[in-house]
Amino acid sequence: MSSDTALVVEGVTKAWRSPSGTDRRVLDHVGFVVERGSSMCVTGGSGSGKTTLLHILAGLVNPDAGSVILGGQSLFTLGEAARDRFRARHIGYMFQVFNLVGMLSAMENVALPLVFAGESASSAQTRAGALLERLGLSGKSDHRPQALSVGEQQRVALARAVVAEPWLLLADEPTASLDPANAEMALELLASEASRTGASTVIVTHDPAVRARFALQLTVGGGT
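Residues numbered from 1 in each chain as written. Predicted model: local features only at pLDDT ≥ 70, side-chain atom pairs only at ≥ 80, totals over all residues. Heavy atoms only, no water.

Engineer: Is there a simple way to explain the nonpolar core in this structure?
Structural biologist: Looking at soluble globular proteins, one finds that nonpolar side chains tend to be buried together. Of all hydrophobic cores here, the largest spans 35 residues; its most connected members are Val110, Leu132, Val156, Leu158, Val162 and Leu190. Sorting the residues of this core by element identifies helix 3 (106-116), helix 4 (121-134), helix 5 (150-162), strand 7 (168-172) and helix 6 (180-197) as the ones contributing at least two each. By residue number, the principal contributor to this core is helix 5, which donates six residues. Setting aside residues no more than four positions away along its own chain, Val156 makes contact with Leu100, Ala106, Asn109, Val110, Leu132, Leu137 and Leu148. (Core = buried A, V, L, I, M, F, W, Y, C linked by side-chain atoms within 4.5 Å. Buried < 20%, exposed > 50% of the residue type's maximum accessible area, 1.4 Å probe, protein only. Helix = DSSP H or I, 4+ residues; strand = E, 2+ residues; numbered from the N terminus. Contact = heavy atoms within 4.5 Å.)

Right, dumping it as structure tokens:
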């Protein structure tokens with residue numbers, strides 16, 4: 001990653017059409033910068049646009065206005081296929097609902113981004129195994145998601161998000177299903193990976209203990 005890599009968000013606006021046919025603006029000219037290796041916490045009430053913002057930062061949802069620039073590349077000037085390739089190489093996303101692949105083992109789920117990026121299966125699984133061990137899951141590496149607890153699934157999702165050493169780490173409520181000890185382990189992994197690789201990190205949370213760790217915070221409040 002280049003020395004000037006950072007996440008730059010300018011004027012991001014998004015409205016959703018409600019069932020009644022009216023537009024509900026959830027993000028209104030949101031702008032911020034997260035420097036290389038730094039982290040930001042996003043807070044706000046239910047429906048305030050937190051997850052929508054993460055989807056936009058990942059290039060999964062187009063904003064109505066504004067721009068997202070990562071490592072000097074403007075996401076929304078890329079075509080859809082090019083944006084998918086950019087996301088696979090440079091963005092790690094820990095979804096709130098995990099989005100693990102049910103037919104794959106924990107090891108295979110974590111290795112998946114590396115395989116998509118062209119790494120050999122054996123190398124990808126070696127790296128995935130090391131992360132699972134750090135998260136206390138080495139004994140569950142061959143288990144499919146349905147054989148894991150909710151907290152274990154969440155740790156697998158975290159490992160998958162960081163395994164490819166992305167430029168940008170996005171985490172939606174990364175501690176919501178974890179006990180305090182495992183929550184601390186997950187946050188330490190996010191922090192250590194960002195420090196080691198220089199990733200910019202954006203975390204959505206309701207957890208006051210998580211919020212207390214971040215100097216840089218953004219509150220969104222366009223929803224109800």
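Engineer: Just checking my understanding: could you explain the environment of Ala65 for this structure?
Structural biologist: If you trace the backbone, Ala65 turns up in strand 4 (residues 65-70). Overall, Ala65 belongs to the partly exposed group, its relative accessible area being 33%. What Ala65 contacts, discounting residues up to four positions off in sequence, is Gly11, Val12 and Thr13.

Engineer: What exactly am I supposed to notice about the sheet that holds strand 2 (residues 23-34) here?
Structural biologist: The strands that make up a sheet are held in pairs by hydrogen bonds between backbone atoms, and each pair lies either parallel or antiparallel. Spatial strand order, 2-1-4-5: four strands in an open sheet with antiparallel pairing. Each having just a single partner strand, strand 2 and strand 5 (73-74) make up the two edges of the open sheet. (Pairing = 2+ DSSP bridges.)

Spatial relationships are all this shows, so hold off on functional conclusions.
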